[in-house]
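Commentary on secondary and tertiary structure
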Amino acid sequence: MGTFTKAVTDSSFEAEVLNSQTPVLVDFWAEWCGPCRALAPKLEEVAQELGAKVKIVKVNVDENPGTPGKYGIRGIPAMLLFKGGSEVGQLVGNHPKDAIVDFLAKNT
């Protein structure tokens, strides 16, 4: 199975997320975070199913401290949804795949 989510850094965040024409779900995560690792395959499935409708990207908070700080991320995993350059919703924690799909359906 290919990778459907994309890694984004502090330096590419604006181009990849804020300037995106499609809604973007940003997953803030870290290697040491067990729930983050459990969430990853679900996000891959969601990204695969939704295709071009929603872009799903990942920000490693250890390697990119600027972006999580800017958006007040205190706990991970945290998912922020951006549309037209603005944050339109957030989901904190390791949620079931259906809950993530519902969240995206309601907010995109």
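Residues numbered from 1 in each chain as written. Predicted model: local features only at pLDDT ≥ 70, side-chain atom pairs only at ≥ 80, totals over all residues. Heavy atoms only, no water.

**Some details on the side chain of Glu 44**
- Summarising the element assignment, Glu 44 is placed in helix α2 (residues 34–50).
- No salt bridge is formed by the buried Glu 44; its nearest oppositely charged neighbour, Lys 58, is found at 6.1 Å.
- A polar side-chain atom of Glu 44 sits 2.6 Å from a polar atom in the side chain of Thr 5. (Helix = DSSP H or I, 4+ residues; strand = E, 2+ residues; numbered from the N terminus. Buried < 20%, exposed > 50% of the residue type's maximum accessible area, 1.4 Å probe, protein only. Lys, Arg positive; Asp, Glu negative; His and termini not counted. Salt bridge = Lys/Arg side-chain N within 4 Å of Asp/Glu carboxyl O. Polar contact = N/O pair within 3.5 Å; in protein donor to acceptor, adjacent residues only side chain to side chain.)

**Focus: the sheet that holds strand β4 (residues 78–83)**
- Strand order in the open sheet formed by 5 strands is β1-β3-β2-β4-β5, and the pairing between neighbours is mixed. In this open sheet, the two edge strands, each paired with only one partner strand, are β1 (6–7) and β5 (86–92).
- Sheet topology places β1 next to strand β3 (residues 55–60); 2 bridges connect them, and they run parallel. Bridging from a neighbouring strand, Ala 7 pairs with Lys 58 of β3. (Pairing = 2+ DSSP bridges.)

**Thoughts on the nonpolar core**
- Counting residues in hydrophobic clusters, the biggest one holds 19 residues, and the most contacted among them are Phe 13, Val 17, Val 26, Phe 28 and Phe 82.
- If you list the elements that add at least two residues to this core, you get α1 (13–18), β2 (24–29), β3 and β4.
- The element that contributes the greatest number of residues to this core is β2, accounting for 4 residues.
- Those residues in contact with Phe 13, other than ones at most four positions away along the chain, are Val 8, Leu 18, Val 26, Val 59, Thr 67, Tyr 71 and Phe 82.
- Leu 25, Leu 43, Ile 56 and Met 79 belong to the second-largest nonpolar core, a separate cluster that totals 14 residues. (Core = buried A, V, L, I, M, F, W, Y, C linked by side-chain atoms within 4.5 Å. Contact = heavy atoms within 4.5 Å.)

**Observations concerning the packing of α2 against helix α4 (residues 97–107)**
- Contact geometry of α2 with α4 gives a least axis separation of 10 Å together with a crossing angle of 45°. Regarding the angle of α2 to α4, the classification is oblique. Note that α2 runs across α4; the crossing there is right-handed. The residues of α4 that touch α2, namely those facing Leu 39, Lys 42, Leu 43, Glu 45, Val 46, Glu 49 and Leu 50, are Lys 97, Ile 100, Val 101 and Leu 104.
- Here the residues of the contact of α2 with α4 are counted per class, giving 7 nonpolar, no polar and 4 charged. (Axes fitted to C-alpha atoms, helices over the stretch in contact; angles between N-to-C directions. Parallel < 35°, antiparallel > 145°, perpendicular 65-115°, else oblique. Left-handed = near helix turned anticlockwise from the far one by under 90°. Nonpolar A, V, L, I, M, F, W, Y, C, P; charged D, E, K, R; others polar.)

**A closer look at the pattern of salt bridges**
- This model, assessed by the stated rule, comprises 5 salt bridges.
- Residue Lys 58 pairs with Asp 27 through a salt bridge whose shortest N-O separation is 3.0 Å. You can see Lys 58 sitting in strand β3 and its partner Asp 27 sitting in strand β2, a full 31 residues away along the chain.
- Taking the relative accessible area as the measure of exposure, Lys 58 reaches 14% and is therefore buried.

**Comments concerning unusual backbone geometry**
- Following Ile 76, the chain continues to Pro 77 via a peptide bond in cis, the omega torsion being 0°.
- One can find Pro 77 in the loop between α3 (66–70) and β4.

**As for the state of the cysteines**
- Summed over the entire model, instances satisfying the criterion amount to 1 disulfide.
- The disulfide that involves Cys 33 links it to Cys 36, with 2.2 Å between the sulfurs. Between Cys 33 and Cys 36, the S-S torsion sits near 80°, and that sign places the bridge as right-handed. With respect to burial, Cys 33 and Cys 36 carry one shared label: buried. (Disulfide = S-S within 2.5 Å.)

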